[in-house]
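# Summary of structural features
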Amino acid sequence: MLSIRVNGEERQVPTPERNLLSYLRFDLGLTGTKYGCGEGLCGACTILLDGQPLRACMTTAGSAAGGSLTTIEGLASDATLHPVQQAFVDESAMQCGYCIPGFIMTAVGLLSREAQPNTSQIREALAENMCRCGTYQRIQQAVERAAGVQRNDAHERHDSHN
Amino acid sequence: MSDTTATTEDGLRIVGEVAQGFPPPPKSYARAAYSNAKPDTQSATWLIVRPDGRVSAYAGKVEYGQGIRSGLAMEVADELRVRLDAVDVLLGDTDHTPWDMGTFGSQSTARVGLQLRRAAATAREALVELAADKLDLPTGELECRNGRVISRADPARSVAYGDLVAGKAITRDVQEDVALTPRDEFTVMGRPAPRVDAVDRVTGKAQYSQDIMLPGMLFAQPLRPPARKARLVDADTKVAEQLPGVVQIVREGDRIAVLAETDEQAEFAAKAVQAQWREEDGQPTNWDVPDLLRRTAGEPVITQESGDTAEGFRQADAVLESLYYLPYISNAPMEPRAAVAQWEDGRLTVWAGTQRPFGLRAELAGHFEIEESSVRVIAPEIGGGFGSKSIYPVALEAARLAKAAGRPVRVAYTRAEEMVFATFRPAALIEVKSGFLDDGTLVAWEFTAYHAGERPFIGQRGSQTPYHLANVKVSVSSSESPLREGSYRSLGGAVNHFARESHMDEIAAAVGIDPVELRLRNLTEPRFRRVLEAAADRFGWSGAKPPSQRGVGVAIGLDVGSYVAACVEVQVHGSEVTVERVATALDCGLVVNPEGAKNQMEGSIVMGMGTALYEAIDFQSGRLLNAGFTRYRVPRSNNAPKIDVELVGDPDTPSTGAGEPGIVPVAPAIANAVFDLTGDRVRELPIQRHLRG
Ligand code: FES
Ligand code: FES
């Protein structure tokens with residue numbers, strides 16, 4: 001039987017063709033990773049495979065076998081939130097919160113590729129995910145905070161047009 | 001969960017009238033729409049102070065992104081003088097929370113908050129009395145601070161709330177006339193605070209109905225008709241029955257569902273059912289809707305009338321007539337509806353992310369012909385809804401299937417099912433005819449709206465003009481709806497505002513006056529003037545006659561008693577419109593939770609931007625052509641504008657809503673900005689489809 005590391009634990013894959021999102025949510029009970037579209041479009045199902053973001057809905061458990069997965073449940077260590085999680089709390093970057101685990105995983109992936117992304121890199125990376133509550137400004141600010149980006153003044157973009 | 005309502009439990013329990021928080025809806029349409037607008041009990045537990053010092057507050061509302069849990073916790077913490085993190089708010093559980101009509105309409109939320117404040121203030125007074133006994137001091141010498149009752153004269157003499165109630169089971173009634181904390185003594189309300197449920201949301205612990213799993217639970221995949229109004233003629237389930245994991249195929253009349261051990265097995269087997277459907281011919285397409293709206297219009301309802309518009313048009317220097325059209329759009333919350341149902345000894349429990357747990361309980365009890373007390377509905381966290389989750393068909397499906405299977409059953413919509421089987425903001429066609437003087441003063445206003453669907457309260461919302469003039473006639477008719485219409489943020493408010501506020505800009509262009517100035521010239525209500533001036537100021541608005549080629553636009557609005565204005569700036573490249581920034585001002589009276597209110601405003605703006613630029617439901621032969629995010633575009637982070645929100649309400653004015661009003665000025669402000677930049681007046685949404693480019 002194939003095995004896979006999930007949040008540091010070795011797990012068995014029941015059948016290689018099992019959808020990875022269903023496997024995580026229903027077989028392992030890791031329901032922090034969400035279903036939003038099942039078509040690779042919304043990013044609610046984003047997890048990390050060997051540190052890089054992956055849409056769980058678009059792949060099988062078998063194809064991730066041998067790799068190391070991190071889900072939102074595996075991000076915080078003990079009682080300490082991951083800096084990206086903490087930044088989302090500090091910026092109140094959430095409404096219903098359904099999209100938030102996916103955004104956090106995307107942001108963690110970005111920061112591991114690019115330790116000091118600029119505002120437009122963050123904006124483009126986050127465009128992979130969808131928040132129907134429209135919390136984008138706060139999400140952007142949370143990721144900037146986690147990345148240590150200097151906060152833009154509210155009128156900066158306006159001034160730049162004049 | 002422990003039974004927190006057992007009356008033998010230790011602690012100080014505050015009970016109060018249920019109806020106090022929820023006067024029955026005044027209009028018969030609300031009764032008709034939400035059939036069970038009647039509480040089942042007279043009184044309920046609103047608040048408990050527990051022996052460990054923690055406070056539990058109960059409300060029948062649900063959390064679907066609006067931050068209600070934080071808002072209510074702040075009200076209780078302030079009245080009871082405890083830390084925000086000492087308050088647990090329990091929501092939306094028909095076994096444990098006070099009856100509630102449903103989470104919609106911001107007024108009822110404000111009333112629940114007030115009832116909880118009264119309950120908390122009642123508890124505070126009771127604790128002072130208990131402490132007076134214990135410390136042997138007169139109540140007048142005591143005050144409450146940080147979870148303790150303290151002697152004013154000698155702060156060393158104090159007692160913790162928990163110690164006052166330990167080993168006792170005390171019950172008090174909410175005092176309706178209890179003295180509430182005056183505003184200038186608030187230390188929690190009105191200040192920014194992190195959300196009380198933030199950590200659960202960033203760690204994945206928050207449970208939504210999609211996440212509920214029970215031991216022995218089966219996954220269901222009901223057979224869905226391929227088109228609207230399609231009838232099942234015949235179905236052969238033999239192949240499907242033999243597939244791995246399939247436990248049962250349930251057939252009740254026209255309905256067939258596969259129950260399997262996993263979600264994928266259920267889906268796969270449902271596809272293997274050989275079904276024949278009879279479809280209904282001649283169903284309208286989205287292109288037929290404007291014509292259909294006029295052709296099938298019912299008796300118009302006059303929502304505003306004064307003076308004589310014919311006389312007004314005679315006095316006018318100029319008359320302008322325009323026609324506006326808004327298509328059907330989808331709420332498309334990120335979480336598709338899901339429900340899990342379980343029967344145990346004739347008692348039904350359903351987890352469902354509905355806005356109306358008590359309404360759903362009544363529906364389920366009615367369907368199965370059992371007492372309401374034999375049904376428990378629990379609304380977990382809800383992944384958005386924007387009004388649409390009052391209707392929650394998967395709950396009954398799950399309950400029926402669980403009954404048939406004798407095991408817990410989960411029914412969850414896919415994204416496509418969510419879009420097809422949910423409701424839509426109905427399409428509308430709106431004619432506006434205005435008469436005005438050369439200086440832009442309005443003298444006559446006729447607003448004739450045709451909204452799709454049988455729920456007149458949707459189309460009537462926000463149809464009245466807030467501008468000051470003598471001759472007005474506003475009428476709204478309901479027309480046939482080829483799609484199922486339902487609630488959406490502000491109902492038809494944003495729809496009517498699009499026509500009215502676009503038209504105001506057309507007048508500004510016709511007379512050559514700055515659009516902010518034109519509005520101020522016709523507004524007398526000070527709250528309106530204040531939000532408009534605040535938004536313009538914040539934006540750095542400088543007056544010019546449109547089109548000024550700068551790409552700036554403005555609109556104002558009134559919804560659920562809150563006043564709002566928005567100024568936007570756009571850029572256009574080909575047919576791609578980018579909203580660069582938005583400055584908005586809201587007057588919703590007293591603000592309990594300013595971060596929450598701003599967050600809602602920001603979300604409303606992004607949502608309104610989607611309706612303005614991208615969103616429209618296309619359909620043909622009873623099929624949705626864009627049921628999914630490939631073809632139904634919604635805003636993403638790289639489309640989102642820079643948003644600046646100012647709250648300008650007077651704290652002595654009662655709270656009105658902050659969740660809905662933000663959307664009403666957005667689409668017209670964007671259309672006005674597009675006109676200002678390009679000279680192209682787009683009267684039909686979404687703009688990107690209709691811009692000449
Ligand atoms: S659920 Fe995987 S991208 Fe939407
Ligand atoms: S917070 Fe609701 S979808 Fe993002």
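Bear in mind the structure is a predicted one, so any value in this text is a computation, not a measurement.

Looking now at the overall build of chain A. Helices and strands together make up the secondary structure of chain A, namely seven helices and five strands. When the helices and strands of chain A are placed in sequence order, the string is β-β-α-β-β-α-β-α-α-α-α-α. Here chain A has a C-alpha radius of gyration of 17 Å; the compact-globule value for 162 residues is 15 Å, and the two agree. Oriented by its inertia axes, the alpha-carbon framework of chain A measures out at about 65 × 30 × 25 Å. In the form shown here, chain A has an accessible surface area of approximately 6,200 Å², with 46% of it arising from carbon and sulfur atoms. Positive and negative charge centroids in chain A, built from 13 and 17 side chains respectively, lie 5 Å apart.

Of all residues in chain A, 92% attain a pLDDT of 70 or more, and the chain-wide mean is 92. Counting contacts from residues 152-162 of chain A, a segment whose pLDDT is below 50, to residues more than four positions away or on other chains yields 17 contacts.

Next up on the list: the packing of aromatic side chains. This structure, assessed with the given rule, holds eleven aromatic pairs over all chains. Taking 5.1 Å as the distance between ring centres and 85 degrees as the angle between the ring planes, the aromatic pair formed by Tyr98 of chain A and Tyr208 of chain B counts as edge-to-face. Of this pair, Tyr98 of chain A sits in the loop between helix H3 (83-90) and helix H4 (100-113) while Tyr208 of chain B sits in the loop between helix H6 (198-203) and strand E9 (218-222), on two different chains. One exposure class covers both Tyr98 of chain A and Tyr208 of chain B, and it is buried. Ring centres of Trp99 of chain B and Phe358 of chain B lie 6.4 Å apart, and the angle between their planes is 55 degrees; this geometry places the pair in the tilted category. Taken together, the residues Trp99 of chain B in the loop between strand E4 (87-91) and helix H4 (106-135) and Phe358 of chain B in helix H11 (residues 357-368) connect sequence positions 259 residues apart. Exposure class is identical for Trp99 of chain B and Phe358 of chain B. Each is buried. Against the face of Tyr488 of chain B rests Arg425 of chain B, its NZ or CZ located 5.1 Å from the ring centre. For the cation-ring pair, Arg681 of chain B lies above Phe675 of chain B, with the distance from its terminal atom to the ring centre recorded as 4.5 Å.

Here we come to the packing of helix H18 (residues 594-613) of chain B against helix H19 (residues 666-678) of chain B. Residue and element names in this part refer to chain B. Here H18 crosses H19 at 55 degrees, and the two axes come no closer than 8 Å. On the basis of the axis angle, H18 is oblique to H19. The hand of the H18/H19 crossing is right-handed. Residue-level inspection shows Ser604, Ile605, Gly608, Met609, Thr611, Ala612 and Leu613 of H18 in contact with H19, the latter providing Val666, Ala667 and Ile670. Class assignment of the residues belonging to the contact of H18 with H19 gives a composition of seven nonpolar, three polar and no charged.

Residues and elements named next belong to chain B. Domain assignment breaks chain B into domain 1 (3-203), domain 2 (210-279 + 337-412) and domain 3 (286-329 + 424-690). The C-alpha centroid of domain 2 is placed 36 Å from the C-alpha centroid of domain 1. In this assembly, 23 residues from domain 1 lie in contact with 22 residues from domain 2. For the pair domain 1 and domain 2, the summed buried area comes to about 1,700 Å², and 48% of that belongs to carbon and sulfur atoms. Arg69 is the partner of Glu381 in a salt bridge, and the nearest nitrogen-oxygen pair spans 2.7 Å.

Okay, the nonpolar core next. Ranked by internal contacts, the top residues of the largest apolar core, which has 162 residues, are Leu20, Leu24 and Phe88 of chain A together with Trp445, Ile670 and Ile687 of chain B. The residues touching Leu20 of chain A, leaving out its near neighbours within four places in the chain, are Ile4, Ile47, Leu54, Ala56, Thr59, Thr60, Ala61, Ala64 and Leu69 of chain A. With 49 residues, the next largest nonpolar core counts Val76, Val82, Met189 and Ala193 of chain B among its residues.

All names here are of chain B. Counting through the fold element by element, Ile48 comes out in strand E2 (residues 43-49). On the basis of relative accessibility, which here comes to 1%, the residue Ile48 falls in the buried class. Sequence-wise, Ile48 and Ile170 are 122 residues apart; in three dimensions their C-alpha atoms are separated by 9.6 Å.

This part takes up the pairing of strand E11 (residues 246-252) of chain B. All names here are of chain B. Note that E11 and strand E12 (residues 255-260) share six bridges and pair antiparallel. The residue of E12 that forms the bridge with Gln248 is Leu259. Counted along the chain from E11 to the antiparallel partner E12, the turn is two residues long, and its residue Gly253 has a positive phi close to 60 degrees.

As a further point, take the state of the cysteines. Counted according to the given criterion, the structure contains zero disulfides over all chains. The thiol sulfur of Cys567 of chain B is not disulfide-bonded, and the nearest other cysteine sulfur, from Cys588 of chain B, lies at 18 Å.

Let's shift gears to the sheet that holds strand E26 (residues 562-573) of chain B. Residues and elements named next belong to chain B. A sheet is described by the order of its strands in space; here four strands give the open sequence E25-E26-E27-E30, paired in mixed fashion. Either end of the sheet is taken by a strand with one partner, and the two such strands are strand E25 (552-559) and strand E30 (642-647). Averaged over all neighbouring strand pairs, the angle between strand axes comes to 20 degrees, with direction disregarded. With respect to the sheet, helix H17 (residues 526-539) is in contact with E25, E26, strand E27 (576-587) and E30, its orientation differing from that of E26 by roughly 35 degrees.

All names here are of chain A. Along its sequence, chain A is carved into domain 1 (2-74) and domain 2 (83-161). For domain 1 versus domain 2, the separation of C-alpha centres amounts to 23 Å. If you look at the interface, domain 1 gives 17 residues, while domain 2 gives 14 residues. Summed over both partners, the interface of domain 1 with domain 2 comes to about 1,200 Å²; 58% of that surface belongs to carbon and sulfur atoms. Our enumeration of links across domain 1 and domain 2 arrives at one salt bridge. A salt bridge links Arg55 to Glu128, with the nearest nitrogen and oxygen atoms 3.4 Å apart. One can count six residue pairs in polar contact (both at pLDDT 80 or more) joining domain 1 with domain 2. Of all elements in the fold, only strand E3 (46-49) and strand E4 (52-55) reach the threshold of two or more residues within the side of domain 1 that touches domain 2. For the side of domain 1 that touches domain 2, the residue count by class is eight nonpolar, seven polar and two charged.

Right, let's get into empty space enclosed by the protein. Residue and element names in this part refer to chain B. Applying the stated rule across the entire model yields six cavities of 30 Å³ or more. The calculated volume of the largest cavity comes to roughly 90 Å³. Residue lining of the largest cavity: 13 residues in total, with Arg195, Asn593, Glu595, Gly596 and Asn599 positioned closest to the centre. Here the lining of the largest cavity takes four residues from H18, the largest share from any one element. Of the residues that constitute the lining of the largest cavity, the class distribution is one nonpolar, nine polar and three charged.

Attention shifts here to the side chain of Thr309 of chain B. Residue and element names in this part refer to chain B. Here Thr309 is to be found in helix H10 (residues 309-315). On the basis of relative accessible area, Thr309 is assigned to the buried category, the value being 11%. A distance of 2.8 Å separates a polar atom in the side chain of Thr309 from a polar atom in the side chain of Glu446. Leave out the neighbours within four places in its chain, and Thr309 touches Ala444, Trp445, Glu446, Asn471, Val472 and Lys473.

With that out of the way, let us pick up unusual backbone geometry. Residue and element names in this part refer to chain B. Of note, the amide linkage connecting Pro546 to Pro547 takes the cis form, showing an omega dihedral of -5 degrees. Here Pro547 shows up in the loop between H17 and E25. A cis amide bond links Leu685 with the next residue in sequence, Pro686, at an omega value of -5 degrees. The backbone phi angle of Glu369 is positive, close to 55 degrees, even though this residue is not glycine. When you line up the elements, Glu369 lands in the loop between H11 and strand E19 (375-378). Residues other than glycine seldom take positive phi values, yet Ser621 does so here, at roughly 50 degrees. Considering the arrangement of structural elements, one finds Ser621 in the loop between strand E28 (619-620) and strand E29 (623-624). Owing to a relative accessible area of 40%, Ser621 belongs among the partly exposed residues under this scheme.

About the cut-offs
- Residues numbered from 1 in each chain as written.
- Chains lettered and ligands numbered in written order.
- Predicted model: local features only at pLDDT ≥ 70, side-chain atom pairs only at ≥ 80, totals over all residues.
- Heavy atoms only, no water.
- Helix = DSSP H or I, 4+ residues; strand = E, 2+ residues; numbered from the N terminus.
- Rg over C-alpha atoms; globule rule 2.2 N^0.38 Å.
- Areas by Shrake-Rupley, 256 points an atom, 1.4 Å probe, with all protein chains shown as cover.
- Lys, Arg positive; Asp, Glu negative; His and termini not counted.
- Charge placed at Lys NZ, Arg CZ, Asp CG, Glu CD.
- pLDDT = per-residue confidence, 0-100.
- Contact = heavy atoms within 4.5 Å.
- Phe/Tyr/Trp six-rings, centres within 6.5 Å; stacked < 30°, edge-to-face > 60°.
- Buried < 20%, exposed > 50% of the residue type's maximum accessible area, 1.4 Å probe, protein only.
- Lys NZ or Arg CZ within 6 Å of the ring centre and 35° of its normal.
- Axes fitted to C-alpha atoms, helices over the stretch in contact; angles between N-to-C directions.
- Parallel < 35°, antiparallel > 145°, perpendicular 65-115°, else oblique.
- Left-handed = near helix turned anticlockwise from the far one by under 90°.
- Nonpolar A, V, L, I, M, F, W, Y, C, P; charged D, E, K, R; others polar.
- Domains from an automatic or database assignment.
- Buried area = accessible area lost by both parts, 1.4 Å probe.
- Salt bridge = Lys/Arg side-chain N within 4 Å of Asp/Glu carboxyl O.
- Core = buried A, V, L, I, M, F, W, Y, C linked by side-chain atoms within 4.5 Å.
- Pairing = 2+ DSSP bridges.
- Disulfide = S-S within 2.5 Å.
- Polar contact = N/O pair within 3.5 Å; in protein donor to acceptor, adjacent residues only side chain to side chain.
- 1 Å grid on protein atoms, 1.4 Å probe; cavity = no way out; pocket = protein on both sides within 12 Å on 5 of 7 lines; lining within 4 Å.
- Points joined across faces, edges and corners; volume = space filled by probe spheres on them.

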